[in-house]
Amino acid sequence: KNRKINSKNLRIMIKCIITDDEPLAIDVLESFVQRIPDLELVAKCSNALETFTVLNREKVDLLFLDIQMPEITGLDFLKSLKNPPIVIFTTAYPNYALESYEIDAADYLLKPISFDRFLKAVNKASERLKLTDSFEKNEHKEGQEMLPYIFVKADGKLVKINIEEIFYVEGLKDYVIIHIKDRHIVTHNTMKNIENLLLGDENFIRIHRSYIVNMRHVKEIEGNSFRVKDQLLTIGTTFKDEVQEKIEKFRFN
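Residues numbered from 1 in each chain as written. Predicted model: local features only at pLDDT ≥ 70, side-chain atom pairs only at ≥ 80, totals over all residues. Heavy atoms only, no water.

Q: An account of the nonpolar core is requested, with residue identities and associated values reported.
A: One finds Val33, Ile36, Leu39, Leu62, Phe64, Ile88 and Phe118 to be the most contacted residues of the largest nonpolar core, which totals 23 residues. Listed by contribution, the elements that provide at least two residues to this core are strand 1 (14-19), helix 1 (23-34), strand 3 (62-66), strand 4 (86-91) and helix 5 (115-138). Counting residues per element, this core draws most heavily on helix 5, which supplies seven residues. For valine 33, the contacting residues outside a window of four places in its chain are Cys16, Ile18, Leu39, Leu41, Phe64 and Phe118. (Core = buried A, V, L, I, M, F, W, Y, C linked by side-chain atoms within 4.5 Å. Buried < 20%, exposed > 50% of the residue type's maximum accessible area, 1.4 Å probe, protein only. Helix = DSSP H or I, 4+ residues; strand = E, 2+ residues; numbered from the N terminus. Contact = heavy atoms within 4.5 Å.)

Here is the structure:
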């Protein structure tokens, strides 16, 4: 009845959760998951609390998350998680699309969801997971000297970038823009992966979901913004305390 679909783009066994307060919606998504051999359904949850319990109990790679739920919305629930899995939102309301991308969701599926659209979203999430795995294997480890440069894939080739020359990094949906002195480089990646890659250099500070700045090139900090490369970059509310703590390390008075 539910024919399995093979996709060479998927990695082996992606552990996933479905969270929706509508049983029928859960049934539809479960039937889709069962057709993709590389997806392993860990749990079906009807609210955020159940999902939170599962996430604390075991490692989950992917979360199919409804937005309109009782007590707390899917958006607010995702914002509350410290280390969330990759998320694909499922909803009947198109007006949340922009906000979902601002919090780095892999995709946004409008109900009723077709299987083809579902498969496309899963493939996008899978690509993110592959990138994350690759960076986790190569990210800086404590006590290990950090290389003075990185390589990123852009325009079909690997581009070498000297760490010190990065002014700031900007996230844009499934892409990252690395701003250096006289140009910018666009690469298909995530802010989390780039952040992990730069962890060994304390000059880099994540100030917003969309911005990582290099303190070497900050001209001034005014109110709630950093001025870098003649651009004013706003400090995000959720990053404010951490940013303030890091700024103190650079202050002389």
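Q: Run through the sheet that holds strand 1, naming residues and quoting values.
A: An order of 2-1-3-4-5 is seen for the five strands of this open sheet, with the pairing classed as parallel. Each having just a single partner strand, strand 2 (39-45) and strand 5 (107-110) make up the two edges of the open sheet. For this sheet the average axis-to-axis angle between neighbouring strands, irrespective of direction, equals 20 degrees. Sheet topology places strand 1 next to strand 2; six bridges connect them, and they run parallel. Bridge assignment links threonine 19 to a residue of strand 2, and that residue is cysteine 45. Contacts from helix 2 (residues 48-57) reach strand 1, strand 2 and strand 3, with the element oriented near 135 degrees to strand 2. (Pairing = 2+ DSSP bridges. Axes fitted to C-alpha atoms, helices over the stretch in contact; angles between N-to-C directions.)

Q: Would you mind going over the sheet that holds strand 12 (residues 211-214) in detail, with residue names and values included?
A: In space, the five strands of this open sheet follow the order 10-9-8-12-11, with antiparallel pairing throughout. For this open sheet the edge positions go to strand 10 (184-188) and strand 11 (204-208), each flanked by a neighbour on one side alone. Adjacent strand axes in the sheet meet at a mean angle of 20 degrees, parallel and antiparallel pairs treated alike. Where strand 11 meets strand 12, four bridges bridge the pair, whose relative direction is antiparallel.

Q: Give a description of unusual backbone geometry that names residues and reports values.
A: Backbone torsion omega between lysine 111 and proline 112 reads -5 degrees, so that peptide bond is classified as cis. Mapped onto the fold, proline 112 is located in the loop between strand 5 and helix 5. Of note, the phi angle at aspartate 230 is positive, near 60 degrees, even though the residue is not glycine. Turning to its location among the elements, aspartate 230 is positioned in the loop between strand 14 (225-228) and strand 15 (231-234).

Q: Before we move on, could you go through the side chain of threonine 19 and cite the residues and values that matter?
A: You can see threonine 19 is positioned in strand 1. Leave out the neighbours within four places in its chain, and threonine 19 touches Cys45, Asn47, Thr51, Leu63, Phe64, Leu65, Asp66 and Met69.

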